[in-house]
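# An overview of the molecular structure
Read off the chains here:
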Amino acid sequence: MKSTSKIYTDKDSNLDVIKGKRIAVLGYGSQGRAWAQNLRDSGLNVVVGLEREGKSWELAKSDGIIPLHTEDAVKDADIIIFLVPDMVQRTLWLESVQPYMKKGADLVFAHGFNIHYKLIEPPKDSDVYMIAPKGPGPTVREYYKAGGGVPALVAIQQDVSGTALQKALAIAKGIGATRAGVIPTTFKEETETDLFGEQVILVGGIMELMKAAFETLVEEGYQPEVAYFETINELKMLVDLVYEKGITGMLKAVSDTAKYGGMTVGKFVINEDVRKRMKEALQRIKSGKFAEEWVEEYGRGMPTVVNGLSQVQNSLEEKIGNQLKDLIQKGKPKS
Ligand SMILES: NC(=O)c1ccc[n+]([C@@H]2O[C@H](COP(=O)([O-])OP(=O)(O)OC[C@H]3O[C@@H](n4cnc5c(N)ncnc54)[C@H](O)[C@@H]3O)[C@@H](O)[C@H]2O)c1
Ligand SMILES: CC(C)(O)[C@@H](O)C(=O)O
Ligand SMILES: [Mg+2]
Ligand SMILES: [Mg+2]
């Protein structure tokens with residue numbers, strides 16, 4: 001185990017390093033919308049670059065940000081931040097950024113995919129760095145507005161100026177991440193761990209675990225509403241306890257019966273086989289096989305993602321969740 005040498009916070013970062021520099025945020029989706037608004041509200045000079053005058057364009061305008069076409073956004077930019085989908089970044093780079101950008105402008109990422117798997121080969125005279133928030137875009141905005149921040153990782157790939165880390169930390173401060181903490185990493189470590197996390201637990205693992213538990217109960221004749229509360233809705237409350245008080249805090253809040261059942265049956269369900277498959281999943285990421293497969297899937301119009309989304313939308317658990325939504329929302333704390 002190699003522990004982190006440093007966790008950067010507000011006192012380690014200074015916005016002055018990038019004050020007045022022109023920052024072009026490319027994309028106005030999950031992260032783009034959050035970063036552009038947080039950086040602007042932190043007093044920085046932000047423009048948003050978009051390819052088309054569509055939904056994102058209108059959304060930016062309604063948030064009080066004047067969007068520009070990508071070429072216009074990057075041509076005077078000192079710092080160019082890629083916040084379009086990972087699979088779009090290479091084409092955007094080749095067609096709309098590289099031909100128009102200022103020589104030596106910084107290239108910044110929120111995830112290492114395109115650099116680590118060499119889909120983008122940056123020019124040697126640019127600083128290349130990453131600030132990777134460890135949470136979804138809307139939460140990056142929500143926490144910032146409430147005076148907090150989502151923690152992030154920071155990594156430097158090329159440091160031509162000698163100030164890449166200071167600039168990366170200033171951006172991290174601008175989006176609110178240093179209010180929590182920012183951990184130094186590499187593009188390799190961020191890319192591999194981020195993909196692993198979203199595949200085996202945060203997105204893939206948790207989704208399949210909820211579905212399998214819900215369907216097991218329903219198949220055995222239990223009411224789907226009861227199954228929904230038990231296997232999906234209550235998860236938030238237990239995860240909130242982990243978030244606030246750690247795993248020990250969560251265990252202290254549940255009954256001894258739940259502790260005993262959880263400690264014994266948890267290991268029976270999530271057994272050595274599951275761990276072996278987690279290692280296999282990690283191996284596919286490390287070897288580049290997952291990246292290759294994802295690029296190919298994207299090239300075919302993402303059929304797996306499109307069909308998967310429609311299956312989830314039409315699933316019994318989602319229908320039950322929608323039916324119970326009003327009731328669940330009514331019970332939520334008001335503040
Ligand atoms: N979503 C997250 O919460 C999250 C968290 C951490 C890191 N990241 C990273 O941040 C980056 C952005 O991800 P995201 O999920 O915010 O993206 P997203 O899918 O929300 O981006 C959508 C936006 O990108 C632009 N866009 C979409 N398709 C385009 C196309 N074909 N051509 C040009 N522009 C297009 C549009 O402005 C659109 O609003 C990625 O590198 C991702 O890995 C995302
Ligand atoms: C929010 C996540 C899952 O952590 C991010 O990594 C993503 O790719 O959206
Ligand atoms: Mg990710
Ligand atoms: Mg992530």
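Residues numbered from 1 in each chain as written. Chains lettered and ligands numbered in written order. Predicted model: local features only at pLDDT ≥ 70, side-chain atom pairs only at ≥ 80, totals over all residues. Heavy atoms only, no water.

## Re the overall build of the protein chain
So the rule is basically this: Helix and strand assignments follow DSSP, with helices taken as H or I runs no shorter than four residues and strands as E runs no shorter than two, numbered in order from the N terminus. Each radius of gyration reported is based on C-alpha atoms, and the globular scaling rule is 2.2 Å times the count of residues to the power 0.38. Contact between two residues is taken to exist if any of their heavy atoms lie within 4.5 Å; hydrogens are not considered.
A count of helices and strands for the protein chain gives 16 helices and 8 strands. Taken against the 2.2 N^0.38 rule, which gives 20 Å for 335 residues, the C-alpha radius of gyration of the protein chain at 22 Å falls within 12% of a compact globule. By principal-axis analysis of the C-alpha atoms, the protein chain measures approximately 65 × 45 × 40 Å. Sequence-distant contacts in the protein chain: of pairs separated by 6 or more residues, those separated by 24 or more amount to 66%.

## Comments concerning the pattern of salt bridges
Applicable threshold: One side-chain nitrogen of Lys or Arg within 4 Å of one carboxyl oxygen of Asp or Glu is enough to make a salt bridge.
For the structure on display, the rule yields 20 salt bridges. Residues Glu 190 and Lys 134 are paired through a salt bridge, measuring 3.9 Å at the closest nitrogen-oxygen approach. You can see Glu 190 sitting in helix α9 (residues 187-202) and its partner Lys 134 sitting in the loop between β6 (128-133) and α6 (137-145), a full 56 residues away along the chain. One salt bridge in this structure joins Asp 194 and Lys 134, with 2.8 Å as the shortest N-O distance. Of the two residues, Asp 194 sits in helix α9 while Lys 134 sits in the loop between β6 and α6, which places them 60 residues apart along the sequence.

## Description of the coordination of the magnesium ion (ligand 3)
Stated precisely, the cut-off is as follows: Donor criterion used throughout: N, O or S atom within 2.8 Å of the metal, extended to 3.2 Å for Na, K and Ca. Water excluded; incomplete-looking sites may result. Here the term buried applies to any residue with accessible area under 20% of the maximum for its type, exposed to any over 50%, and partly exposed to those in between, with areas from a 1.4 Å probe on protein chains only.
Looking at the magnesium ion (ligand 3), the protein donor atoms are Asp 194 (OD) and Glu 198 (OE), and they sit 2.1 Å from it. In this structure, the magnesium ion (ligand 3) lies 3.7 Å from the magnesium ion (ligand 4), and both are coordinated by Asp 194. Of the two residues, Asp 194 and Glu 198 are both situated in helix α9; the distance of 4 residues between them amounts to about one turn of the helix. When its relative accessible area of 19% is taken as the criterion, Asp 194 is described as buried.

## What to know about the sheet that holds strand β7 (residues 152-158)
To keep things clear, this is the line we draw: In this analysis, strands are considered paired if DSSP registers two or more bridges between them. Axes here mean lines fitted to C-alpha atoms, for a helix over just the part in contact, with angles spanning 0 to 180 degrees between N-to-C directions.
Ordered in space as β3-β2-β1-β4-β5-β6-β7-β8, the 8 strands form an open sheet in which the pairing is mixed. Because the sheet does not close on itself, it has two edges, and the strands there are β3 (67-69) and β8 (182-185). Neighbour-to-neighbour, the strand axes of this sheet turn through a mean angle of 30°, independent of strand direction. In this sheet, β7 lies alongside β6 in antiparallel orientation, the contact comprising 6 bridges. Pairing of Val 128 across the sheet is with Gln 158, part of β7. Packing against the sheet, helix α2 (residues 55-62) makes contact with β2 (45-50) and β3, and its axis sits at approximately 145° to β3.

## Some remarks on the site of ligand 1
Just so we agree on the cut-off: A single heavy atom is enough: if one lies within 4 Å of a molecule or strand, its residue is considered near that molecule or strand. What qualifies as a polar contact is a pair of N or O atoms within 3.5 Å, subject to a donor-acceptor requirement within protein and to the restriction that residues adjacent in sequence count only when both atoms come from side chains. Residue exposure ignores everything except the shown protein chains as possible cover, and the areas themselves are Shrake-Rupley values with a 1.4 Å probe.
Contacts to ligand 1 come from 20 residues, most closely from Tyr 28, Ser 30, Gln 31, Ser 56 and Asp 86. With respect to ligand 1, the backbone of Gly 29 contributes an N or O atom lying 3.4 Å from an oxygen atom. The side chain of Asp 86 places a nitrogen or oxygen atom 2.6 Å from an oxygen atom of ligand 1. The fraction of the free accessible surface of ligand 1 (820 Å²) that becomes covered by protein chains is 71%.

## Concerning the pairing of β6
Here β6 lies mainly inside the structure; 6 of its 6 residues are buried. Of the two faces of β6, the one carrying Val 128, Met 130 and Ala 132 and the one carrying Tyr 129, Ile 131 and Pro 133 are both buried. Pairing of strand β5 (residues 106-109) with β6 involves 3 bridges; the strand directions are parallel. Residue pairing for β6: Leu 107 is matched across the bridge by Val 128.

## Considerations on the UniProt feature "domain: KARI C-terminal knotted" (unreviewed entry) in the protein chain
The condition is simple: UniProt positions are given in the numbering used here, feature names are shortened, and annotations may be inferred rather than shown by experiment.
Sites flagged by UniProt as "domain: KARI C-terminal knotted" (unreviewed entry) map to residues 186-331. Secondary structure over residues 186-331 splits into 89% helix and 0% strand, and the C-alpha atoms at its two ends are 43 Å apart.

## Observations regarding the site of ligand 2
Residues in close proximity to ligand 2 include Pro 136, Asp 194 and Glu 198, which together make up its full environment. Here Asp 194 contributes a side-chain N or O atom positioned 2.9 Å from an oxygen atom of ligand 2. Measuring from an oxygen atom of ligand 2, one finds a side-chain N or O atom of Glu 198 at 2.8 Å. In the complex, 59% of the free accessible area of ligand 2, which totals 270 Å², lies under the protein chains.

## Remarks on the UniProt feature "domain: KARI N-terminal Rossmann" (unreviewed entry) in the protein chain
Residues annotated in UniProt with the feature "domain: KARI N-terminal Rossmann" (unreviewed entry) correspond here to residues 5-185. End-to-end, the C-alpha atoms of residues 5-185 are 10 Å apart, and along that stretch the chain is 36% helix and 22% strand.

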